[in-house]
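Descriptive analysis of the structure
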Amino acid sequence: VVPREKKGYLLEHLLEEGNIRRAVVFTKTKFGAERLGKKLNNAGITAESIHGDKAQNARKRALARFKDAQA
């Protein structure tokens, strides 16, 4: 169990230090997805959020980039 305030740091560490090339991370809220995506991008980790408030074409582009290993 990881305290909420440390989950972002742990994820960042795992993505940087682990042998993880691509990952899907689920969040509880749309706001949390946006916040996590910005935090990871600020840390130099390419990330995109996908949620119901995004336009369908933006979600499709993000999924295509993930599939093609560009995100």
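Keep in mind that what you see is a predicted model, and the values were worked out from it rather than measured. (Residues numbered from 1 in each chain as written. Predicted model: local features only at pLDDT ≥ 70, side-chain atom pairs only at ≥ 80, totals over all residues. Heavy atoms only, no water.)

Take serine 49: it is sitting in the loop between α2 (30–42) and α3 (56–67). Serine 49 sits in the buried class, given a relative accessible area of 11%. A polar atom in the side chain of serine 49 sits 2.5 Å from the side chain of glutamate 34. Other than its neighbours up to four places away in sequence, serine 49 contacts Ala33, Glu34 and Lys54. (Helix = DSSP H or I, 4+ residues; strand = E, 2+ residues; numbered from the N terminus. Buried < 20%, exposed > 50% of the residue type's maximum accessible area, 1.4 Å probe, protein only. Polar contact = N/O pair within 3.5 Å; in protein donor to acceptor, adjacent residues only side chain to side chain. Contact = heavy atoms within 4.5 Å.)

Another point: the environment of lysine 39. Within the fold, lysine 39 resides in helix α2. Here lysine 39 falls in the partly exposed class, since its relative accessible area comes to 26%. Spatially, the C-alpha atoms of lysine 39 and glutamate 12 are 8.7 Å apart, while their sequence positions differ by 27 residues. Once you skip the residues sitting within four places of it in the chain, lysine 39 turns out to touch Gly8, Tyr9 and Glu12.

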